[in-house]
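# Secondary and tertiary structure notes
Here's the letter readout for the chains.
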Amino acid sequence: MAFQPIVDVASGRPWAHEALVRGLDGQGAGWVLGQVTEANRYAFDQACRVKAIELAAWLGMGQQADTRLSINFLPNAVYQPEACIRATLAAARRTGFPPERIIFEVTENERVVDGAHLKAIFTEYKRQGFHTAIDDFGSGYSGLNLLAEFQPDIIKLDMELTRAIDTDRARRSIVGAILTVCRDLGITPVAEGIETPGEAKALRDLGITLMQGYLFARPAVERLVSPAMDFEPAVA
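The written sequence of each chain sets the order in which its residues are numbered from 1. Owing to the predicted nature of the model, reporting of local features is limited to residues with pLDDT of at least 70; listing and counting of side-chain atom pairs is limited to 80 or more, with chain, interface and lining totals taken over all residues. Based on all heavy atoms of the structure, the side-chain values leave hydrogens and waters out of the count.

### What to know about the packing of aromatic side chains
Note the cut-off: In this analysis, rings of Phe, Tyr and Trp, with Trp reduced to its six-membered ring, are considered paired at centre separations within 6.5 Å, and the interplanar angle assigns stacked below 30 degrees, edge-to-face beyond 60, and tilted for intermediate values. Helix and strand definitions here come from DSSP, where helices need a minimum of 4 consecutive H or I residues and strands a minimum of 2 consecutive E residues; each element is numbered from the N-terminal end. Relative accessibility under 20% of the residue-type maximum defines a buried residue, over 50% an exposed one, and the middle range a partly exposed one, all with a 1.4 Å probe and only protein chains included.
Taken as a whole and assessed by the stated rule, the structure comprises 6 aromatic pairs. Aromatic pair F104 and Y125: ring centres 4.9 Å apart, planes at 45°, arrangement tilted. With a gap of 21 residues between them, F104 in strand β4 (residues 102–107) and Y125 in helix α5 (residues 115–127) connect regions that are remote in the sequence. Each member of the pair, F104 as well as Y125, is classed as buried. Judged by centre distance (6.2 Å) and plane angle (70°), the rings of Y125 and F130 are edge-to-face. No difference in accessibility class separates Y125 from F130, as the two residues are buried. Put simply, the rings of F73, F104, F122, Y125 and F130 touch in pairs and so form one group of aromatic residues.

Here you go:
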């Protein structure tokens, strides 16, 4: 696993670290996910969860006050939410990692076969004390329809919405409208793919304080990195 921080730009500190799967020889997530089949999907999903928690605990993330661990999961690998979460809970107990500081992300890019099934997963995960997130929001198959069905704790705005937002009026307007929905529904927004100080400042002006991207840190294999803060966020 590699870890990339989600930064609270108001404090300059990591708000969370996202666990990103890597191959044993350094291959990227795309290569690894290309090896996933129907036959090994469940085992892969379970192994990634456990490995992310074990490494996060080993790196001392559990001792960092208010720092969360974000884990991507494959909803089509979860046959029964209550049963499939057992290994996650066991890993958290074994390593002493607080379950209430674990976030489960589902990407909007993965076509969800059964919407009711995903809703049941989110409901069970919330019941167990985990947080939930929709990743890559604004890039996938269902857009606002997915948000209408499932109200997660967090949505992560896709980089296609945040790219060059400081010079793009249409993107600022669209993101502003999404933030209004987030406020109405009590959802925390995170901006992904931030690469320039201008993007960060524009998003801060819109009211987003949680950001992730190469401007702050690149993913680091089996280690936690402190974010770079080489810009002055505008006052919201």
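### Some words on the layout of surface pockets
Note the threshold: Using a 1 Å grid laid over the protein atoms alone, points where a 1.4 Å probe fits but cannot get out form a cavity; open sets with protein on both sides within 12 Å along at least 5 of 7 lines form a pocket; any residue with an atom within 4 Å of a point counts as lining. Grid points are joined across faces, edges and corners, and a volume is the space filled by probe spheres set on the points. Under the grouping applied here, Gly and all other residues not named as nonpolar or charged are polar, the nonpolar ones being Ala, Val, Leu, Ile, Met, Phe, Trp, Tyr, Cys and Pro and the charged ones Asp, Glu, Lys and Arg.
Within this model, the largest pocket holds a volume of roughly 850 Å³. Looking at the largest pocket, it is lined by 36 residues, and the ones nearest its centre are E18, L20, A29, N72 and D135. Elements that contribute at least two residues to the lining of the largest pocket include exactly β2 (13–20), α1 (29–33), α2 (41–58), β3 (68–72), β4 and β5 (131–137). In the lining of the largest pocket, the residues fall into 17 nonpolar, 7 polar and 12 charged. Quantified by volume, the second largest pocket comes out at close to 300 Å³. Elements that contribute at least two residues to the lining of the second largest pocket include exactly α1 and α2. In terms of residue count, the dominant contributor to the lining of the second largest pocket is α2 (4 residues). The residue inventory of the lining of the second largest pocket, partitioned by class, reads 9 nonpolar, 3 polar and 3 charged.

### A closer look at the environment of P227
Inclusion rule: Working rule for contacts: check all heavy atoms of both residues, and any pair within 4.5 Å makes them a contact.
Looking at the element boundaries, P227 is found in the segment after β9 (220–221). Of the residues examined, P227 reaches a relative accessible area of 15% and is grouped as buried. Sequence-wise, P227 and R13 are 214 residues apart; in three dimensions their C-alpha atoms are separated by 7.1 Å. Those residues in contact with P227 that sit more than four places away from it in its chain are V7, G12, P14 and F216.

### Here's the deal with the pattern of salt bridges
Note the following rule: Salt-bridge detection follows one rule: a side-chain nitrogen of Lys or Arg within 4 Å of a carboxyl oxygen of Asp or Glu.
Enumeration according to the criterion identifies 10 salt bridges in this entry. Residue E192 is joined to K156 by a salt bridge in which the shortest nitrogen-to-oxygen separation is 3.5 Å. In this pair, E192 is assigned in the loop between β7 (188–191) and α9 (197–206) and K156 in strand β6 (residues 154–157), connecting sequence segments 36 residues apart. A single burial state applies to E192 and to K156, both of which are buried. Three or more residues are tied together by salt bridges with common partners; here these are E18, E105, K156 and E192.

### A closer look at the nonpolar core
As a reminder, the rule being used: Side-chain atoms within 4.5 Å are what join buried Ala, Val, Leu, Ile, Met, Phe, Trp, Tyr and Cys residues into a set we call a nonpolar core.
Ranked by size, the top nonpolar core spans 59 residues in total, and within it L69, F73, I155 and M211 carry the most contacts. The element best represented in this core is α2, accounting for 8 residues. Ranked by size, the runner-up nonpolar core spans 8 residues in total, among them I6, A16, V190 and L210.

### Some details on the side chain of D8
Here D8 is to be found in strand β1 (residues 2–8). Contacts of D8, omitting those with residues within four sequence positions, involve R13, W15, T209 and L210.

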